[in-house]
Amino acid sequence: MRKFTRPLRHYIGFCLVHCIVGAAKRLPVRVLHAMAIPLGYVGYVILSKERNRAIHNLSRFYPRATPRQIRRMTRRVFRNLLIAFLDAVRLPELTDREFHQWIEFDETVLQNAYRKGRGVIVLSGHLSAFELQSQIAQSFSYQNITVGSTLFDPRVETIIQEIRSRRGVHYIPRKNSLGKIIKALKNGAVFGVLIDQDTTKEGVFVPFLGQPAFTPTTSIKLAVKYDIPIIYVATYRDTTGKYHIVSHPCEIPATGDSVQDIYNIAKDFNQFYSSYIEQYPEQWVWIHDRWKRTPPSPPETKGKHHEN
């Protein structure tokens, strides 16, 4: 049955994305943010799998909160996810002057890393309108590349690619992208990658929001191998609707052991990013199954140890 209903579901998904993107480009910000309240609630009701996952994750992080408080926070998560998407579509359509009025960004950390001439790897995650990070870097004249996964429908993927490629950002499909990424970095590009989700085979278990989480390390491995500067970046929206993009240099000393260095950087980034999620929890993607994998248990000791 799913085989026959899938095309219809994909078409409905395409129509929704097309309408939302069209509205985001044309309607005033106050109207868009007002729309996000009922539309976010619709998403909360319809997307039961994502709703239940968000409730589970928030309950895990806020064990003292009542079920009612968790449900209220979950509804706000859905609303904020929609606001972030609408603003990620809307803001890059503005003029440079208008665009920078909505975003606060100090380029000092990025500039210092970029001047080393080996490219820059930006580690970030899915907090607030994270798509704006590549757009703001490009607006400061940095050569910027971004990578995305193949989406459920080619029509939707075309829309998202167009959104991510604005202002000259170079979009690369994830499949077979490693060689292109390395080449771009060697040419001095800024490569932004989101590593706050359990989505890859290569990674390490390090604390995330205080709990062990499998964290992707492919980009960190590239940085260690080719001595590419790393910076951490997080984005949040304040009560006025303005976005703040904050950055921090990766200052973890190299130990000479690449495995340990990769682990230390992943751990340091998670600590940095967790601090912003803790400050703005309703702007993060709690609908993702962040802790779906658990650390392997230590092997049991065979036999008994006898002391002489």
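Everything numeric here is computed off the predicted structure, so don't read it as measured data. (Residues numbered from 1 in each chain as written. Predicted model: local features only at pLDDT ≥ 70, side-chain atom pairs only at ≥ 80, totals over all residues. Heavy atoms only, no water.)

**What to know about helix α7 (residues 132–139)**
Point 1. Most of α7 sits out of view: seven of its eight residues are buried.
Point 2. Along α7, the positions that sit buried rather than exposed are L132, Q133, S134, Q135, I136, A137 and Q138.
Point 3. S141, located one to two residues past α7, shows a positive phi value of around 75°. (Buried < 20%, exposed > 50% of the residue type's maximum accessible area, 1.4 Å probe, protein only. Helix = DSSP H or I, 4+ residues; strand = E, 2+ residues; numbered from the N terminus.)

**Focus: the sheet that holds strand β1 (residues 103–105)**
Point 1. Spatial strand order, β1-β9-β8-β2-β5-β3-β4: seven strands in an open sheet with mixed pairing. Of all strands in the sheet, those with a lone pairing partner are β1 and β4 (170–173), marking the two edges. For this sheet, the mean angle separating the axes of adjacent strands, direction not counted, is 25°.
Point 2. Bridge count between strand β2 (residues 120–124) and strand β5 (residues 190–194): five bridges; the pairing is parallel. Opposite S124, over in β5, you have L194 as the bridge partner.
Point 3. Seen against the sheet, α7 touches β1, β2, β3 (144–148), β8 (230–237) and β9 (243–249) and runs at an angle of roughly 80° to β9.
Point 4. In this fold helix α9 (residues 178–186) packs onto β2, β3, β4 and β5, with an angle of close to 165° to the strand it touches most, β3. (Pairing = 2+ DSSP bridges. Axes fitted to C-alpha atoms, helices over the stretch in contact; angles between N-to-C directions. Contact = heavy atoms within 4.5 Å.)

**Thoughts on a nonpolar patch on the surface**
Point 1. Taken together, the side chains of Y41, V42, V45, I46 and L47 present a nonpolar region at the surface, about 460 Å² in accessible area.
Point 2. Under the relative-accessibility criterion, I46 is labelled exposed at 60%. (Patch = residues over 30% accessible without salt bridge, like charges linked within 9 Å, V, L, I, M, F, W, Y side chains within 5 Å. Areas by Shrake-Rupley, 256 points an atom, 1.4 Å probe, with all protein chains shown as cover. Salt bridge = Lys/Arg side-chain N within 4 Å of Asp/Glu carboxyl O.)

**Describing the packing of helix α3 (residues 48–61) against helix α4 (residues 67–90)**
Point 1. One way to put it is that α3 packs onto α4 with a least axis distance of 9 Å and a crossing angle of 125°. As the angle between them shows, α3 and α4 are arranged oblique. In this structure, α3 crosses over α4, and the sense of that crossing is right-handed. Counted together, E50, R51, A54, I55, L58 and S59 of α3 and I70, R71, M73, T74, V77 and F78 of α4 form the full contact between these two elements.
Point 2. For the contact of α3 with α4, a count of residues per class yields seven nonpolar, two polar and three charged. (Parallel < 35°, antiparallel > 145°, perpendicular 65-115°, else oblique. Left-handed = near helix turned anticlockwise from the far one by under 90°. Nonpolar A, V, L, I, M, F, W, Y, C, P; charged D, E, K, R; others polar.)

**Describing unusual backbone geometry**
Point 1. Within the chain, L209 stands out as a residue other than glycine whose phi angle is a positive 55°.
Point 2. Along the chain, L209 falls in the loop between β6 (203–208) and β7 (211–216).
Point 3. Under the relative-accessibility criterion, L209 is labelled buried at 6%.
Point 4. The phi angle at D227 is positive, at roughly 55°, despite the residue not being glycine.
Point 5. If you trace the backbone, D227 turns up in the loop between α10 (218–226) and β8.

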